[in-house]
Amino acid sequence: MKRRSSDFSFILIFFFIVLGNPQEIKAQVSFTVQVSDHRVVQNGVFDIQFELTNAQGSNFEPPSFADFKVVGGPSRGQSTSIINGEMSSSQTYSYSLLATKKGRFMIGRASIVAGHKKLTTVPVGIEVVQGKELVQKGSESQVTGDVLLVAETDKKDYYPGEQIILNYRLLFTQNIQSLDILSEDDYADFYVQNFADFSKQPAIEKINGKQYTSRIIKSLALFPHQSGTFELDPLLMSVGINAPFSGIQGFFTMRRMQDMKVSSDSIKINVLPLPANVPSTFRGAVGQYTLKTHPGSQDITTDDALTFEIELHGNGDAKRWDPPAPVIDTSFERYDPKILDDQQTESGGVIDHRRSVEYQLIPKKAGQFSVYVPFTYFDPDQKKFVTISSDTLHITVAQGTSAGRSKGNAEDDEMDKFEIEPVHTSIISDLFWKSWPHLFLFGLLVTGSCWALIFTARAKKEEKISRAEKMKNAAASNASLQLDELLHHSSALDSKTFFEKATEIYYRFLCERLVIPPSELDEARLPLYLQRAGVPDEATDRVKRFYTACLPVRYGGAPAGYSREEMVEECKGIIGNI
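Bear in mind the structure is a predicted one, so any value in this text is a computation, not a measurement.

## Some points on the sheet that holds strand β32 (residues 393-398)
Step number 1: If you walk across this open sheet you meet the 3 strands as β24-β32-β29, and the pairing is mixed. Both edges of this open sheet fall to β24 (299-301) and β29 (367-371), since each of them pairs with a single strand only. Neighbouring strand axes in the sheet, compared pairwise and without regard to direction, differ in orientation by 30 degrees on average.

As C-alpha cells, this is what we get:
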C-alpha cells in the first residue's frame, strides 16, 4: 500500500509541475526589435526589423518614424524551421529608414496581437552623426563601406540661368549587379536636362586608405530659376552586389545577390543675384555665347524687304532669353524676329544651345543705311555683362516702283494747259440716276465717307495713347489670340507640351504688360512690378497664385489643380483684369 501511495504522489507532483508551467512544453513566444546600427551617418540608410517568434500575429502597429524618412518597407517575411526535432516559427516586419538630420532620436514601441495577448517591443535609440565625427571616433569602417554614393557639382556659386552640372558617382569594391533609384529630389527650383551621354568610364579612387572603383551613374544639367540657397535632397538607391556563399558550394551552386541601400549627402546650391547695372540690351541670357551673321542681300529697293539671319550659340538656359533687337534708324519698318531653329544638344559634357533668328525690315525710302544686332549676356566666369554684336550690314536702298509719284511728268504738265469748259445744264432723258445701280453706288460712297470719318476719329484717339499703353494693349491682345489658337489645337498636343506653351504665353504676357525683363520674372520681384503698374491687390493676389501654380511646368509637371481648359480660362481672366 505504501508503494502505491508513493507512485500516486509522484504522478500528482508531475502533473502539478506540467500544468503550472505550460511554457516548459511549449516554445517561448517573443516579440523583439533589431536595428542594423545604433550609430548612423547623416543621410545614411539603416534597417529596422520587428520579429514575432513562435506565434501567429495580427494587427501589427509600427512605431512613429517621424524623425526619419521611410525609404523601404514594410516588407513582411515568414519562416518555419525544425532543429533537433524542435519546431519554431517567425514573422518579421522590416523597414529601411533614411537618417535626414543630425542628433539623438528614440524609435518608440511597436505592437502586435498574438492569440489573446498584445505584445510590444522596447524603444530603440539611434544616434545620427556626420561622417567626419565617425572617422574621429574610430568608426572608419562605417563611413568607408563597400558601396558609397557621392553627389557633386562643378563649383559652389552660380547665377540664375547658369548651367550647373550635377553628377552622382558610385564608389564600390565589389561587382555591382543591379541599380535602382528609390528616392530623388524633384529639382522644383530648376529647369532640368538629363544627360543621355556622359562619361561612364571607371576610375580608381582612394578614401581613408581604401581603394574604390568610381563611376558616374547619373548626370544632370540644372538651370536655376532665381537667386537663393537651395538644398537638394539625397539620392537614395538600391544596389545589388554579390552575396558571399553559405554552406557547401557545388558545381551548380547559383550566386545570391545582396541588396544594399546607399544614399548621397544632401547638397546645397548657392545662386547669387545678377548685378544691378543691367544694360538695356540684356535679354536674360546667362553663360557664354558666340554670334554668327548670315547677311543675305544688302542691295535692295523700296519694294523689297531686308532679310538676314544671326545664329546664337551658348550654354545658358534657353528658356530665359528672347531674341535681341536690331539697331537701325526709323527709315525701316520692323517686324518681330522669327526663330528659325532652336536646338539643344549634348556637347563636351554640357548642354549646348543653338538658336537661329531671322529679321525682316521694310525700307521706307531710298538711301544708304547700316544695321547690326547687339546681344548682351552675363558671363558668370567674368562676373560681368558682355556685349557681342553681329556684323554691321551696309544697306543700299534704291527707289522702287511702288513709292508713288514724287514729281509730275510731262503728260500731267500737258493736261494742265487745257482750260476747263463751262458746264451746261441738260435734260437727262434716261432713268439711270434713279436706277438701283446708281442708288447702290451713291449709298456705297456715303457709307465709305462715314467709315472714313470714324477711322479718322479713332486714329486721332489712338495718337493720344502713349506708346507704353499701346504695347500693354497689344500684349493682352496677342496673348488672348495665342491662347485661343493653343486651345483650338489642344487635341494634337500632349499634356506636357500644352502646359509648357500655355505657361510660356502667360509669362511672356507678364513681361510685356509689366515691362519686366525675362531674367527678372520671379516670385520675389513680381509683386513689386504689379504694385508699380498700379494693379489692385485682389488682381495682384490672383496673378501671384497662378504664377506659383505654373512653376511645376518648368520641370515637366502640370499646373496644380488646373485642367487644360481651366488653365486657359484663368489665364485669360487675368489678362482681362490687369
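## Thoughts on the packing of aromatic side chains
Step number 1: Tallied over the entire structure, the rule returns 24 aromatic pairs.
Step number 2: With centroids separated by 5.9 Å and ring planes inclined at 85 degrees, the aromatic side chains of Y289 and W321 adopt a geometry described as edge-to-face. One end of the pair, Y289, is in strand β23 (residues 289-294); the other, W321, is in the loop between β25 (306-314) and β26 (332-334), with 32 residues separating them in the sequence. There is no split in this pair, since Y289 and W321 are both buried.
Step number 3: Among the aromatic side chains, those forming a connected cluster through ring pairs are F31, F50, F60, F65, Y93 and Y95.
Step number 4: Above the face of the W321 ring, R355 is positioned so that its terminal group lies 4.2 Å from the ring centre.

## Looking at the confidence of the model for the chain
Atom-level detail of predicted coordinates should not be read off regions where pLDDT is low.
Step number 1: Taken residue by residue, the chain gives an average pLDDT of 80. The fraction at 70 or more is 79%.
Step number 2: Here residues 132-144 is a poorly scored stretch, pLDDT under 50, and it has 25 contacts once near neighbours within four places are set aside; other chains count.
Step number 3: For the stretch residues 403-421, pLDDT sits under 50, and the model shows 2 contacts to residues farther than four places along the chain or on other chains.

## Things to note about unusual backbone geometry
Step number 1: Although it is not a glycine, N59 sits at a positive phi angle of roughly 55 degrees.
Step number 2: Within the secondary structure, N59 sits in strand β4 (residues 57-61).
Step number 3: Overall, N59 belongs to the exposed group, its relative accessible area being 56%.
Step number 4: Unlike most non-glycine residues, K383 shows phi in positive territory, near 55 degrees.
Step number 5: Along the chain, K383 turns up in the loop between β30 (374-379) and β31 (384-389).

## Here's the deal with the nonpolar core
Step number 1: Within the largest apolar cluster, 34 residues are counted, with the highest numbers of intra-cluster contacts made by Y506, L510 and L526.
Step number 2: Those elements giving two or more residues to this core turn out to be α6 (467-488), α7 (495-514), α8 (526-532), α9 (537-550) and α10 (564-577).
Step number 3: No other element matches α7, which puts 10 residues into this core.
Step number 4: Excluding residues within four positions of it along the chain, L510 makes contact with V515, I516, L521, L526, V543, Y547 and I578.
Step number 5: Within the second largest apolar cluster, 25 residues are counted, among which are F46, I48, A55 and F68.

## Some points on the sheet that holds β30
Step number 1: Read from one edge to the other, the open sheet built from 3 strands follows the order β22-β30-β31, with strand pairing classed as mixed. The sheet is open, and its two edges are formed by β22 (282-286) and β31, each paired on a single side. Ignoring strand direction, the axes of neighbouring strands in this sheet form an average angle of 35 degrees.
Step number 2: By the bridge criterion, 6 bridges tie β30 to β31 in an arrangement that is antiparallel. When the bridges of β31 are listed, P374 appears paired with S389.

## What about the packing of α9 against α10?
Step number 1: Contact geometry of α9 with α10 gives a least axis separation of 10 Å together with a crossing angle of 145 degrees. With respect to the hand of their crossing, α9 and α10 are arranged in left-handed fashion. Of the residues in α10, those in contact with R542, V543, F546 and C550 of α9 are M567, E570, C571, G573, I574 and N577.
Step number 2: Of the residues in the contact of α9 with α10, the class split is 6 nonpolar, 2 polar and 2 charged.

## Some thoughts on a nonpolar patch on the surface
Step number 1: Residues F440, L441 and L444 make up a contiguous nonpolar surface patch of roughly 340 Å² in combined accessible area.
Step number 2: Structurally, L444 can be placed in helix α5 (residues 436-463).

## Some thoughts on a negative patch on the surface
Step number 1: Together, D186, D189, E231, D233 and E523 make up a negatively charged patch on the protein surface.
Step number 2: With respect to the secondary-structure elements, D189 resides in the loop between β14 (176-183) and β15 (190-194).
Step number 3: Residue classification places D189 among the partly exposed residues on the basis of a relative accessible area of 34%.

## A short note on the packing of α7 against α9
Step number 1: Contact geometry of α7 with α9 gives a least axis separation of 11 Å together with a crossing angle of 140 degrees. When the axis of α7 is compared with that of α9, the two are oblique. When you trace α7 past α9, the crossing you get is left-handed. Only V543, F546, Y547 and C550 of α9 make contact with α7, whose side of the interface consists of T503, Y506, Y507 and L510.

About the criteria used
- Residues numbered from 1 in each chain as written.
- Predicted model: local features only at pLDDT ≥ 70, side-chain atom pairs only at ≥ 80, totals over all residues.
- Heavy atoms only, no water.
- Pairing = 2+ DSSP bridges.
- Helix = DSSP H or I, 4+ residues; strand = E, 2+ residues; numbered from the N terminus.
- Axes fitted to C-alpha atoms, helices over the stretch in contact; angles between N-to-C directions.
- Phe/Tyr/Trp six-rings, centres within 6.5 Å; stacked < 30°, edge-to-face > 60°.
- Buried < 20%, exposed > 50% of the residue type's maximum accessible area, 1.4 Å probe, protein only.
- Lys NZ or Arg CZ within 6 Å of the ring centre and 35° of its normal.
- pLDDT = per-residue confidence, 0-100.
- Contact = heavy atoms within 4.5 Å.
- Core = buried A, V, L, I, M, F, W, Y, C linked by side-chain atoms within 4.5 Å.
- Left-handed = near helix turned anticlockwise from the far one by under 90°.
- Nonpolar A, V, L, I, M, F, W, Y, C, P; charged D, E, K, R; others polar.
- Patch = residues over 30% accessible without salt bridge, like charges linked within 9 Å, V, L, I, M, F, W, Y side chains within 5 Å.
- Areas by Shrake-Rupley, 256 points an atom, 1.4 Å probe, with all protein chains shown as cover.
- Salt bridge = Lys/Arg side-chain N within 4 Å of Asp/Glu carboxyl O.
- Lys, Arg positive; Asp, Glu negative; His and termini not counted.
- Charge placed at Lys NZ, Arg CZ, Asp CG, Glu CD.
- Parallel < 35°, antiparallel > 145°, perpendicular 65-115°, else oblique.

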